[in-house]
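The primary structure of each chain is shown beneath.
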Amino acid sequence: MTTHAIPQVAGSTDRHGALPARVRRIAVEAGRLVVERRGISRYVRALVPRMAAARPDLVFSLHAHEADHPATADWVAGHSVLHGRVVVRSLDELELPDADVVWFPWNVARVVP
């Protein structure tokens, strides 16, 4: 059986190199987070709390449609690990995020005007 070393990401303190330690703020395009119950949305809903639990220094901004802000805030409230670490913002604010990383998890791309 062959084993392979997992490459280190520059600046990472994580032995798996998954996310550099200098990354502290993650902006997530969350336009489908609470609307879609299956597929990638389910994956994102599972991953955000796990990332927060693994890295207590991370903060998130979830950029969602205005109509979905209450449901998105309710989703955040259901995860104690996210309390005080998540801000729900408009999708329009994703154009100039105050973040180290922007995560667009969806299998679609929209044309920028």
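Attention in this report is confined to the structure presented alongside it. (Residues numbered from 1 in each chain as written. Predicted model: local features only at pLDDT ≥ 70, side-chain atom pairs only at ≥ 80, totals over all residues. Heavy atoms only, no water.)

### Looking at the pairing of strand E1 (residues 25-29)
At step 1: Counting buried positions along E1 gives four out of five residues, so the element sits mostly inside the fold.
At step 2: Here five bridges tie E1 to strand E2 (residues 59-64), and the two strands are oriented parallel to one another. From the neighbouring strand, Ala27 faces E2, where its bridge partner is Ser61.
At step 3: Here E1 pairs with strand E4 (residues 101-103) via three bridges, running parallel. Considered in E4, the bridge of Val28 is made with Trp103. (Buried < 20%, exposed > 50% of the residue type's maximum accessible area, 1.4 Å probe, protein only. Helix = DSSP H or I, 4+ residues; strand = E, 2+ residues; numbered from the N terminus. Pairing = 2+ DSSP bridges.)

### Examining helix H1 (residues 39-54)
At step 1: Helix length check: H1 (16 residues) gives 23 Å between terminal C-alpha atoms against 22 Å at 1.5 Å per residue, within 8%.
At step 2: When we look at burial in H1, the residues that qualify are Ser41, Val44, Arg45, Val48, Pro49, Met51 and Ala52.
At step 3: Elements that come into contact with the buried residues of H1 comprise E1, E2, helix H2 (69-77) and E4. (Expected span 1.5 Å × (residues − 1). Contact = heavy atoms within 4.5 Å.)

### A short note on the nonpolar core
Soluble globular proteins tend to bury their nonpolar side chains together.
At step 1: Counting 19 residues, the largest nonpolar core has Ile26, Phe60, Leu62 and Trp75 as its most contacted members.
At step 2: Elements represented by at least two residues in this core include exactly E1, H1, E2 and H2.
At step 3: Ignoring any residue separated from it by four or fewer positions in sequence, one finds Trp75 in contact with Leu33, Val34, Arg45, Val48, Pro49, Leu62 and Leu82. (Core = buried A, V, L, I, M, F, W, Y, C linked by side-chain atoms within 4.5 Å.)

### Examining the environment of Leu91
At step 1: Mapped onto the elements, Leu91 comes out in the loop between strand E3 (86-90) and E4.
At step 2: For the pair Leu91 and Val28, spaced 63 residues apart in sequence, the C-alpha to C-alpha distance is 9.5 Å.

### Some thoughts on the side chain of Ser90
At step 1: Here Ser90 shows up in strand E3.
At step 2: A distance of 3.2 Å separates a polar atom in the side chain of Ser90 from a polar atom in the side chain of Glu66.
At step 3: There is a polar contact of 3.1 Å between the side chain of Ser90 and the backbone nitrogen of Asp92. (Polar contact = N/O pair within 3.5 Å; in protein donor to acceptor, adjacent residues only side chain to side chain.)

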